[in-house]
Amino acid sequence: MWRWGGRRGLRAVHGLHGGRAHHKVWRWKSDQVCERALQYKVGEKIHGFTINQVTSVPELFLTAVKLSHDNTGARYLHLAREDKNNLFSVQFRTTPMDSTGVPHVLEHTVLCGSQKYPCRDPFFKMLNRSLSTFMNAFTASDYTMYPFSTQNAKDFQNLLSVYLDATFFPCLRELDFWQEGWRLEHENPSDPQTPLIFKGVVFNEMKGAFTDNERIFSQKLQNKLLPDHTYSVVSGGDPLCIPELTWEQLKQFHATHYHPSNARFFTYGNFHLEQHLKQIHEEALSKFQKIEQSTAVPAQKPWDKPREFHITCGPDSLAADASKQTTVSISFLLPEITNTSEAFTLNLLSSLLISGPNSPFYKVLIESGLGTDFSPDVGYNGYTREAYFSVGLQGIAEKDVQIVKELIDRTIDDVIEKGFEDDRIEALLHKIEIQMKHQSTSFGLALTSYIASCWNHDGDPVKLLQIGNQLNKFRKCLKENPKFLQEKVEQYFKNNQHKLTLSMKPDNKYYEKQTQMETEKLKQKVSSLSQEDKWQIYEKGLELRAQQSKPQDASCLPALKVSDIEPTMPFTKFDIALAAGDVPVQYCAQPTNGMVYFRTFSSLNTLPEELRPYVPLFCSVLTKLGCGILDYREQAQQIELKTGGMTVSPYVLPDESHLDTYEQGVLFSSLCLERNLPDMMHLWTEIFNNPCFEEEEHFKVLVKMAAQELSNGIPDSGHLYAAFRASKTLTPAGDLQETFSGMDQVRLMKRIAEMTDIKPILRKLPRIKKYLLNCDNMRCSVNATPQQMTQAEKEVENFLRNVGRSKKERKPVRPHIVEKPAHGDSAGSAHVNGCQIIRKLVIDPTFKPCQMKTHFLLPFPVNYVGECVRTVPYADPDHASLKILARLMSAKFLHAEIREKGGAYGGGAKLSHNGIFTLYSYRDPNSVETLQSFGKAIDWAKSGKFTEQDIDEAKLSVFSAIDAPVAPSDKGMDHFLYGLSDEMKQAYREQLFAVSHDKLTTVSNKYLGIGKSTHGLAILGPENAKIAKDPSWIVR
Ligand SMILES: [Zn+2]
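The rules behind the values
Residues numbered from 1 in each chain as written. Predicted model: local features only at pLDDT ≥ 70, side-chain atom pairs only at ≥ 80, totals over all residues. Heavy atoms only, no water. Helix = DSSP H or I, 4+ residues; strand = E, 2+ residues; numbered from the N terminus. Rg over C-alpha atoms; globule rule 2.2 N^0.38 Å. Buried < 20%, exposed > 50% of the residue type's maximum accessible area, 1.4 Å probe, protein only. Areas by Shrake-Rupley, 256 points an atom, 1.4 Å probe, with all protein chains shown as cover. Lys, Arg positive; Asp, Glu negative; His and termini not counted. Charge placed at Lys NZ, Arg CZ, Asp CG, Glu CD. Pairing = 2+ DSSP bridges. Contact = heavy atoms within 4.5 Å. Axes fitted to C-alpha atoms, helices over the stretch in contact; angles between N-to-C directions. Core = buried A, V, L, I, M, F, W, Y, C linked by side-chain atoms within 4.5 Å. Salt bridge = Lys/Arg side-chain N within 4 Å of Asp/Glu carboxyl O. Left-handed = near helix turned anticlockwise from the far one by under 90°. Nonpolar A, V, L, I, M, F, W, Y, C, P; charged D, E, K, R; others polar. pLDDT = per-residue confidence, 0-100. Patch = residues over 30% accessible without salt bridge, like charges linked within 9 Å, V, L, I, M, F, W, Y side chains within 5 Å. Parallel < 35°, antiparallel > 145°, perpendicular 65-115°, else oblique.

Q: How do you make sense of the overall build of the protein when you look at a structure like this?
A: Looking only at helices and strands, one finds 37 helices and 31 strands in the protein. In terms of overall size, the protein behaves like a compact globule, its C-alpha atoms giving a radius of gyration of 28 Å where 1036 residues would be expected to give roughly 31 Å. Seen through its principal axes, the protein has C-alpha atoms that stretch 85 × 75 × 65 Å. Here the protein holds 1036 residues, and the buried ones make up 62% of them. Just so you have it, the protein exposes about 38,800 Å², and 51% of that area is on carbon and sulfur atoms. For the protein, the centre of its 121 positive side-chain charges and the centre of its 122 negative side-chain charges are spaced 1 Å apart.

Q: Mind showing me how you'd approach the sheet that holds strand β29 (residues 916–924) here?
A: Hydrogen bonds between backbone groups are what pair the strands of a sheet, and the pairing can be parallel or antiparallel. The six strands lie next to each other as β28-β29-β27-β30-β26-β31, forming an open sheet whose pairing is mixed. Edge positions in the sheet fall to β28 (906–911) and β31 (1034–1035), since each of these pairs with one other strand and no more. Two elements, strand β27 (residues 863–870) and β29, share seven bridges in a ladder whose sense is antiparallel. Each residue of the ladder has a partner; that of Asn863, found in β29, is Asp924. On the sheet, helix α25 (residues 714–726) packs against β26 (853–857), β27, β28, β29 and β30 (1015–1021) and is oriented at approximately 30° with respect to β27.

Q: Is there a simple way to think about the nonpolar core in this case?
A: Within soluble globular proteins, side chains that are nonpolar tend to cluster in buried spots. Counting 135 residues, the largest nonpolar core has Phe361, Phe493, Trp684, Phe699, Val782 and Leu800 as the members making the most contacts within it. It is helix α11 (residues 340–354) that provides the largest number of residues to this core, a total of eight residues. Apart from the residues lying within four places of it in its own chain, the contact partners of Val782 are Val585, Gln586, Tyr587, Cys588, Val596, Tyr597, Phe598, Met789, Ala792 and Val796. In this structure, Phe217, Phe288, Leu730 and Met743 belong to the second largest nonpolar core, which totals 105 residues.

Q: Before we go on, may I ask you to explain the pattern of salt bridges in this structure?
A: When the charged atoms of two side chains lie near each other, side chains of opposite charge can form a pair. Evaluation of the coordinates by the stated rule reveals 67 salt bridges. Residues Lys154 and Asp564 are paired through a salt bridge, measuring 3.4 Å at the closest nitrogen-oxygen approach. Here Lys154, found in helix α5 (residues 153–168), pairs with Asp564, found in the loop between α20 (531–549) and β18 (575–579); they are 410 residues apart in sequence, far enough to count as distant. Under the relative-accessibility criterion, Lys154 is labelled partly exposed at 38%. Look at Asp564 and you get partly exposed, because its relative accessible area is 26%. Between Arg1036 and Asp744 there is a salt bridge; the shortest N-O distance is 3.4 Å. Highlighted residues: Arg1036 in the segment after β31 and Asp744 in helix α27 (residues 743–753), separated in sequence by 292 residues. It is possible to trace a salt-bridge network through shared partners that takes in Arg725, Lys728, Asp735, Glu738, Asp744 and Arg1036.

Q: How should the packing of helix α26 (residues 732–741) against α27 be read in this particular structure?
A: Helix packing for two helices is described by the angle between their axes and how far apart those axes are. Running from N to C, α26 and α27 point in directions that differ by 35°, and their axes come no closer than 5 Å. As for how α26 packs across α27, the hand of that crossing is right-handed. Touching Glu738, Thr739, Phe740 and Ser741 of α26 are Met743, Asp744 and Gln745, all from α27. For the contact of α26 with α27, the residue count by class is two nonpolar, three polar and two charged.

Q: Got a minute to help me understand the confidence of the model for the protein in this structure?
A: In regions of low pLDDT, the predicted coordinates are not meant to be interpreted in detail. The predicted model of the protein averages 91 in pLDDT, with 95% of residues at 70 or higher. Low pLDDT, under 50, characterises residues 4–30; the predicted model gives this stretch 81 contacts beyond four residues in sequence or across chains. When the criterion is pLDDT under 50, residues 826–832 qualifies, and its contacts beyond four places in sequence or with other chains add up to 14 contacts.

Q: Where do I start with the side chain of Arg612 in this structure?
A: Looking at where Arg612 falls in the secondary structure, it is placed in the loop between β20 (595–603) and α21 (615–622). Residue class for Arg612 comes out buried when judged on its relative accessible area of 8%. Sequence-distant contacts of Arg612, that is, excluding residues within four places in its chain, are made with Leu607, Tyr662, Gln664, Leu736, Phe740 and Arg814.

Q: Explanation requested: a negative patch on the surface in the structure shown.
A: The grouping of Asp631, Glu634, Glu694 and Glu695 at the surface amounts to a negative patch. Tracing the backbone through its elements, the reader meets Glu634 in helix α22 (residues 632–642).

Q: I'm lost on the pairing of strand β22 (residues 661–673) in this one. Help?
A: Consecutive residues of a regular strand have side chains that alternate between opposite faces of the sheet. Most of β22 is tucked away: 13 of the 13 residues are buried. Going residue by residue along β22, you find Thr661, Glu663, Gly665, Leu667, Ser669, Leu671 and Leu673 tucked away on one face and Tyr662, Gln664, Val666, Phe668, Ser670 and Cys672 tucked away on the opposite face as well. Where β20 lies against β22, nine bridges are found, and the strand directions are antiparallel. Across the sheet, Thr600 pairs through a bridge with Phe668, a residue of β22. For strand β21 (residues 646–654) and β22, the ladder comprises nine bridges, and the chain directions are antiparallel.

Q: Which parts of the structure should I look at to understand unusual backbone geometry?
A: Phi is mostly negative for residues that are not glycine, and the peptide bonds are mostly trans. A positive phi angle, close to 60°, is found at Asp121, a residue other than glycine. Topologically, Asp121 is positioned in the loop between α3 (102–109) and α4 (122–126). Its relative accessible area of 6% is what places Asp121 among the buried residues. Positive phi is not limited to glycine here, since Ala580 has a value of about 45°. Among the secondary structure elements, Ala580 is positioned in the loop between β18 and β19 (583–589).

Q: I'm lost on the environment of Leu578 in this one. Help?
A: Structurally, the position occupied by Leu578 is in strand β18. Accessibility expressed as a relative area gives 44% for Leu578, which makes it partly exposed. Along the primary structure Leu578 and Glu793 are separated by 215 residues, whereas in three dimensions their C-alpha atoms are 10.0 Å apart.

Q: Help me understand the side chain of Asn712 in this model?
A: Tracing the backbone through its elements, the reader meets Asn712 in helix α24 (residues 696–712). Not counting residues up to four positions away in its chain, the partners in contact with Asn712 are Glu214 and Gln394.

Q: Whenever I open this one, the packing of α25 against α27 confuses me. Can you help?
A: Running from amino to carboxyl end, α25 crosses α27 at an angle of 120°, the nearest separation of the two axes being 9 Å. When the axis of α25 is compared with that of α27, the two are oblique. Two secondary-structure elements touch here, α25 through Ile714, Tyr721 and Arg725 and α27 through Met743, Asp744 and Val746. Classifying every residue of the contact of α25 with α27 gives four nonpolar, no polar and two charged.

Written out as structure tokens, the structure reads:
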């Protein structure tokens, strides 16, 4: 995978959250794991390593131990924390000097087999032999990282062994390079008469990646702003340069970069450090001697005057108003990220400048109405040796570029003069407090991503973790000098000559030109081939195909057994009580570090049909338009100051026992520090009772941003859109899901964003409010510490009494509604007082599933293909068999067929809770051929050509997802939303264990074959002659 640092990394930092459901968490002093780690002495030698530093980091509930490896100089950081979800990562500084994508191709190729584990593709195979909670590899601009996490100690050792061998002793076979990197091959490898074309996983992945205009912009921004060294090239690979890479160069790059002297090891969690050190030393590091590494990135020479560049991109994927598709941004070079306190200050300063409707750049740029949203990578970017700040707009008219530039300059002057309001600074510091307390389930992963860049440039990762120190220092600076921040703005933005203006506009011939350049490159390659070369290419193509089709022996790999899986799952306790008369409230006591999580679900059953398509829009703007006496700016300020976020989203919830039954509603979710609960509940009361729908201008701004975000998301989520569409006609819920989240919704939003008069849409919002924002059909949930529950109960009661009911009784729009109690739990205490959650489900007894095939035309050079099959609901015993079957088909058939042979970035099968079985491909050069592969996969499943070992592997893989850790904030949600009890989940668990070869072939035959169940098909992608000729396809 190629990670565009700027985007994912940012999320990682923002996701700096805590991590585990254990009763010790809020009593950090009694924490044994941290205490034990504090016993290490500086200078102590353990298994070839020396301890350099031991630091307690109480704000993150951990102890940091820094070590170095004596013989090789490898660096090591261990974070001891009372968290079962242990993580390992190794990162190498990879600083390429060309755009052949060598670090990216290497990242893929090392995972194709190693000395101790020579079987093909051990990485993908381990996905099925482990209970890992995360396994991946990323190529960033200047490092490559291999992380995994698991809760099982034996599994940790197994995975560590495979990761060490892969990175330090990979086979790097020529055929692996061909498969993963690039190759020339006949379009049909077995027919030498078909033309030679470029193939390869990375080649196609990068072609797909650059259909995303935001990525093109981000990539160019970094290339142009830091032009002197590694940041001037594309680490992931430019599709036109990738074919210059040779196998020799790849091996050379490995020898110089994947050496312990250039490596940083990271471990996190509650497992013993000594065990990790021993294994890493014995299996890898003891076999190396120190080398002088030359991978460092030199400082970027500052410019003496600003620079300006223009680039082009493909047209908007939905071909909207062509006159407003230009992007422009201004970026400034900032100090090195290893200067942690300056980086902390500038990061905060950037948030003050651009986040939320009260920030100066939001007011001036977003509210100018000139564009649809900020330009990509807006704000602070700390993923390169020197950080940078960027600000600008996308979706503007070309003629407005100059105006935007002037507005940016003027805003900087304005901020230097006026500074920031104290309240906004407080709100930001409050946000950091919440980020430290809120616990996610992947805390180790968030931490390793958070420190990766700074550590990569030899900064101190421990200093970076000591957020408390940085906060204190920041507050002190601010106190001593009230103009502290203004002076920074002047220094880094006003008086900074290292300033880049980058603009990008679409070119309707962009993809055509790209294709043409690719064709030329191909011609040039092919014309230099001798007859002999061509023969070899043909032979190698056959060899690769033969190897891909060969039955594989993975017995060299370590594996957990099905017997290593916990036979029973832990049950979650909660109480249910009625509030305000008859509203059920679920209370789940959890170690939440002093956070309170409040949710409420309100039914959409009475909402008139014609308003349904506007529900997602209603949800996305409801907490952003103002309420009561607060205008939208004041409201945003209060939300930031008092809560960790208040969000609203539409939901279509399946029923566990009938496919034609579902629940429709809206979920309101929020979190806050305990001390702020009354304020947060007051905000909800005002939002429910007095939401403001008058601010037409601001509404327009929000609509444009939402529409832009949806259309920018298509390249990343195309497979989901294809699946929503393909299942639209299979169940009544599928139709609603498509309305809420599918391509129909994307197009509707685009249309609204382009309306000159938006009033008719705005007027729909108060109408939706009438049906939704009352407690007629509502249920609530609270997750908090046990000590906080009494207070929470009082607040919820208050809220419900204030919200009240609708004045007149409203009838459900659909005639058939059934009331269904959520399944209780004898182990929990749900029935002590006889209270239950009652769900009001919609039934459609006349519904007939039918087949539909849709092709959405998009100007991308890749496809997203989805085929959906209507099967059975969750409570049907066949559901468990189909669940295992989907995993089995992905791992044992579709992966080879669609990724390895077909060259798609990904592909597989999955079974959802709602009973829809989906086959899909992601960034796929093929479309019709992929549908044929789906058919072959089904035939393969029916034939039963898989072993007991294959089935066990599929079970492990399914259980690693089912047993993934759940954050304290999310405990009990399966009951609250889906009405599932832990007993039902345990029964399902037992069905999964019991799945046999027989059951798998039975369900394959019973549901998947043509004529057995209804199928739906959808493709997103470029024009396609075969589909155009076939009248059974709807082309849109
Ligand atoms: Zn990749």
